[in-house]
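Chain and residue survey
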Amino acid sequence: MILDQEKITRIKRFLKSRPKGLTISDISSALKINRNSVAKYLEILLITGQVEVKIFGNAKVYYLSSRVPISSMLRFASELILVLDFEGRITEVNDNFLDFFGRKRDDLVGNGIQSLDFPPFRELSPQTLLQKAAVQGEVSSEARFTHHEGEKYLRFKIIPTVFEDGGDGTTIIMEDITLPKQFEEQLRINEARYRGIVEDQTEMITRFGPDFLIRFVNTEACQSLGKTREELIGKDFWNYIPAEDRIWIKERILSLSKDHPVDTIEHRFISPSGEILWHQWTNRAILNDRGEVVEYQGVGRDITARKKAEEELLIKNLAIDSSVNGIGIAGLDRKITYANQAFTELFGYRDLAEVLGMPLDQCAHGSVDAMRDIMQVMAAISEKGSWVGEVKAQKKDGTSFFAQLSATLVRDEAGTPLCMMASFVDITAKKEAEREMMIKDTAIESSITGIAIVSADRKIIYANQSFLSIFGFSSHDEVQGTSWDGFVAGYDVQQPVLDQLKETLQKEGRWIGEFRTRKVDGDLLYLLVSVSLVQDAGEALLCWMVSFLDITGQKMIEQTLKSTVEKLQDTIEFMPDPTFVVDRNKRVIAWNSALEALTNTKKEEVLGRSDYQHAFSLFREIRPVLIDILDLPAHKLANSYPSVRRFGDSIYVEAFIPGANEGQGACLWGKASPLIDREGNIIGAIESLRDITEWKRAHQSILSVGANEGNVPEDRVKELESSLVSSKEEIEELIAKLNAARPLEEAFSDVVDPLVLIDRSGRIIRCSRSFCRMVGVDAEPDGNNIAMFCAPEERKPMLEWIKKAGPDRSIQFSASLLRVGSRLPVEGIAIPVGGKRERSFMLVLREAVS
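How each quantity is defined
- Throughout, a residue's number is its position along its own chain's written sequence, starting from 1.
- Note on the predicted model: pLDDT of at least 70 is required for a residue's local features to be given, and 80 or more for side-chain atom pairs to be given and counted; whole-chain, interface and lining totals, by contrast, use all residues.
- Side-chain measures here rest on the full set of heavy atoms in the structure, leaving out hydrogens and waters.
- For every residue, the predictor states its confidence as a pLDDT score lying anywhere from 0 to 100.
- Whether two residues touch is decided by their heavy atoms; if any such pair falls within 4.5 Å, the residues are in contact.
- Each patch is built from salt-bridge-free residues with over 30% relative accessible area, joining like charges within 9 Å and nonpolar side chains (Val, Leu, Ile, Met, Phe, Trp, Tyr) within 5 Å.
- Here the open area of atoms and residues is found with the Shrake-Rupley method and a 1.4 Å probe, where only the protein chains shown may cover a residue.
- Just to be clear on terms, a salt bridge is a Lys or Arg side-chain nitrogen sitting within 4 Å of an Asp or Glu carboxyl oxygen.
- By the criteria applied, helices consist of DSSP H or I runs no shorter than four residues and strands consist of E runs no shorter than two, each listed in order from the N terminus.
- Partly exposed describes any residue whose relative accessible area lies between the buried limit of under 20% and the exposed limit of over 50%, with all areas from a 1.4 Å probe on protein chains only and scaled to the type maximum.
- The pairing criterion is simple: DSSP has to find at least two bridges between the two strands.
- Structural elements are reduced to axes, namely lines fitted to C-alpha atoms, with helices fitted over the stretch in contact, and the angle between N-to-C directions of any two is expressed from 0 to 180 degrees.
- For this count, His and the chain ends are skipped, Lys and Arg are scored as positive, and Asp and Glu as negative.
- We put the charge of a Lys on NZ, of an Arg on CZ, of an Asp on CG and of a Glu on CD.

1. Remarks on the confidence of the model for the protein chain
- Across the protein chain, the average pLDDT comes to 78, with 81% of residues at 70 or higher.
- Note on residues 702-713: pLDDT is under 50 here. Beyond four places in sequence and across chains, it has 19 contacts.
- pLDDT under 50 marks residues 716-728. Its contacts with residues more than four places away, or in other chains, come to 25 contacts.

What follows is the structure, encoded as structure tokens:
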């Protein structure tokens, strides 16, 4: 046929405009060219690598090839390039590759890709990438490795390539991306450091624009505002500021400038719960090169405790000033530095000016008894730090009086003495009662049990710190004086529990039980509660003593454990294969319905027991219970149970069980594996069984066709049914009968076993759907070489094994088929079919049990 270059050009131009591809009929119709001519031109373009073809059913769709000519890449590329032939051998390597890795061309050309035993080929699996490229087209990946110049990064591109003679190959292009990667890594580290500093701050940090819309908040700010970061970004914060404070706060922030970029203010703040708190914020204006404010940053902290302390100090000062007790303070030099009005009146002075700076000795006013008491109190303060008791004192005018004196040496937090304070009252009994009450209060306050005291009229009169923590309160003021009934009504407590509490209190005066409720924020709360009635001698009700112990953590652990066990049982229950699980003591902890049906043993009969062997009586010594021999050493396993195979930590067995399937028999496959925790300890084992009878029957279905025709003796059929594969003559005879009965394509579509028909070069002519599933491809890989689906080191031996299958003999073989991310061990037989010149080979495969 004389080539018409103009028509070839038109076909290529038309294919370029249709990147999804066209059929021969589409091109012939559109270009008005004879269909046979179009087919010939496309065949020429296909051989030269200018077009590619995909088969969809009976239709072939052609499209322009995306493959790159090798010569162009090697001539102009600055990357590191390797060119491989069909079998994975290096045919070309550019100078950049040799210089980068310090290799010689003669050491590489002609060797397989697996021979590159140097970084990054140790860390990367080029065989896997080649496999992906053969199926998917161009594949990219990145590798990190140590080079003699330091750490390096390479970006790999695996590109299907066409040689000048039309042969297939692969080009590996490697780009040095070390510098960009180092920049990215440094940027990531710097950003992580910055975020770490910001997020680890205990202060609140925000950034907002001149429009006062929030642009950034750290975790502490989110927690304080009770919102997520997404809920705050783009919003303002004025809803958290009391309305009367907003104007002056805004003016203070807007006053920030180049000359005054930082300002600290204290203002009130509305918490998410509505509580008024106090915050201190240091706001900074962030300026651009022109001195214009582009953003503000605020660093805030909660100073509510400090503000309350200041208020409490003020209140205490006012309380001391107005106290009915005479209170005086003296320095360590024993001179009076302060006295309230009650003190001056008690000692007969008109005002404070008369006593300021006066020595304590002078307070005796010449009384020997008063002086003795003063010296006794001073000695006690020096020795013990405080003194309480009755003293005989004397006023300025000489009038004597008795007072209850409480004197204390005041120390700072470090224990350093600061001053002495004395309080004079006429109620000795009351002071002693208060001292005793203080000790009890301290014990109750420091208890890890939450304690509340409820008055007879059902008002909360006291709550310790543990009580406040359990229920999420920040101070006593939030609960003191509130209604107990109202407090309980605020929590979701089951009514039967409350009814039982009231009934038991009326009968016994005390109730102990558990509450399950929810906190204000919605979290579940489990409490161990004790309620006691406190009565006086006349059995009149004084108050209730209520104790709460938070057992939420314990309950959560119990529920998690229960949920885990239930999930395990549910998972095992819905597994289609008969399965059971034992713990480390070989007690059954799971037994699913499928196993009940197989063994006729209900789970209730074996759960929690270790004598489960009776449930497997249908085995009748044909095969062992795998879990019982899981820990046997390899040599003992091989000697005692030769049919059992070990693969890794698991063991497998396949056997025909006559007693299964209601006496009809079944071929069962079993597997047992240990269960190992995170520390590597064996905590149990699992065994699953699978009925593979139908699979076996389907595997021999192709043999039964020949048997039904009467051409295979019955005893030979039984022999074949028990073997892995058939002989060459029987398979060839069967194929001939199938060809006579129906087309080979139809036979392939119906067969359930992985079958592949190849020519003498290994090219796939036809394959079954089960083979496609075995190698993990969607479309039938017709036209590809069978070696492409084998592990690289097994491709050449595979082709050699097939070629050894002569006219009169078949060859059994084993191989590893590649799937994405894994290898699949298979066993098979290669059977010659057809005449001598057009001889093909039928490959019958199955997954190897190991």
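Right, picking up where we left off after that structure.
2. Focus: a nonpolar patch on the surface
- Together, Ile-512, Leu-528 and Leu-549 line one region of the surface with nonpolar side chains, adding up to about 240 Å² of accessible area.
- Mapped onto the fold, Leu-528 is located in strand 21 (residues 524-535).
- Note on Leu-528: relative accessible area 34%, which makes it partly exposed.

3. Observations regarding the sheet that holds strand 16 (residues 400-411)
- Taken in spatial order, the five strands line up as 14-13-17-16-15 in an open sheet, and their pairing is antiparallel. Edge positions in the sheet fall to strand 14 (336-339) and strand 15 (386-394), since each has one partner strand and no second. The mean inter-strand angle of the sheet, taken between neighbouring strand axes irrespective of direction, is 25°.
- Sheet topology note: the strand 16/strand 17 (residues 417-425) ladder contains eight bridges and is antiparallel. Bridge pairing in strand 17 links Leu-409 to Met-420.
- Packing of helix 14 (residues 368-384) onto the sheet brings it into contact with strand 15, strand 16 and strand 17, and relative to strand 15 it is tilted by some 165°.

4. Here we look at unusual backbone geometry
- The backbone of Lys-32 sits at a positive phi, close to 60°, despite the residue not being glycine.
- Considering the arrangement of structural elements, one finds Lys-32 in the loop between helix 2 (24-31) and helix 3 (35-47).
- In this structure, Asn-600 takes a positive phi of about 60° despite not being glycine.
- Here Asn-600 is to be found in the loop between helix 20 (593-599) and helix 21 (634-640).
- For Asn-600, a relative accessible area of 68% corresponds to the exposed category.

5. Points about a negative patch on the surface
- A cluster of acidic residues, Glu-311, Glu-312, Asp-477 and Glu-478, forms a negative patch at the surface.
- Inspection of the secondary structure assignment puts Glu-478 in the loop between helix 16 (465-471) and helix 17 (484-489).

6. Details of the sheet that holds strand 28 (residues 682-691)
- Ordered by their spatial adjacency, six strands build an open sheet running 24-23-28-27-26-25, and the pairing between neighbours is antiparallel. At either margin of the open sheet sits one strand with a lone partner, and together these are strand 24 (588-591) and strand 25 (645-647). Between one strand and the next, the sheet's axes are offset by a mean angle of 20°, whatever the strand orientation.
- Sheet analysis places strand 27 (residues 666-676) next to strand 28, joined by nine bridges and oriented antiparallel. Bridge pairing links Trp-669 to Arg-690 in strand 28.

7. With respect to the pattern of salt bridges
- One pass over the full model with this rule turns up 27 salt bridges.
- Glu-175 is the salt-bridge partner of Arg-155, the closest N and O atoms lying 3.4 Å from each other. In this pair, Arg-155 sits in strand 6 (residues 150-162) while Glu-175 sits in strand 7 (residues 168-176), placing the two residues 20 residues apart along the sequence.
- Take Glu-175: its relative accessible area is 36%, and that puts it in the partly exposed class.
- Here Asp-245 makes a salt bridge to Arg-268, at a shortest N to O gap of 3.1 Å. Taken together, the residues Asp-245 in helix 11 (residues 243-254) and Arg-268 in strand 10 (residues 262-270) connect sequence positions 23 residues apart.
- Since its relative accessible area comes to 23%, Arg-268 is described here as partly exposed.

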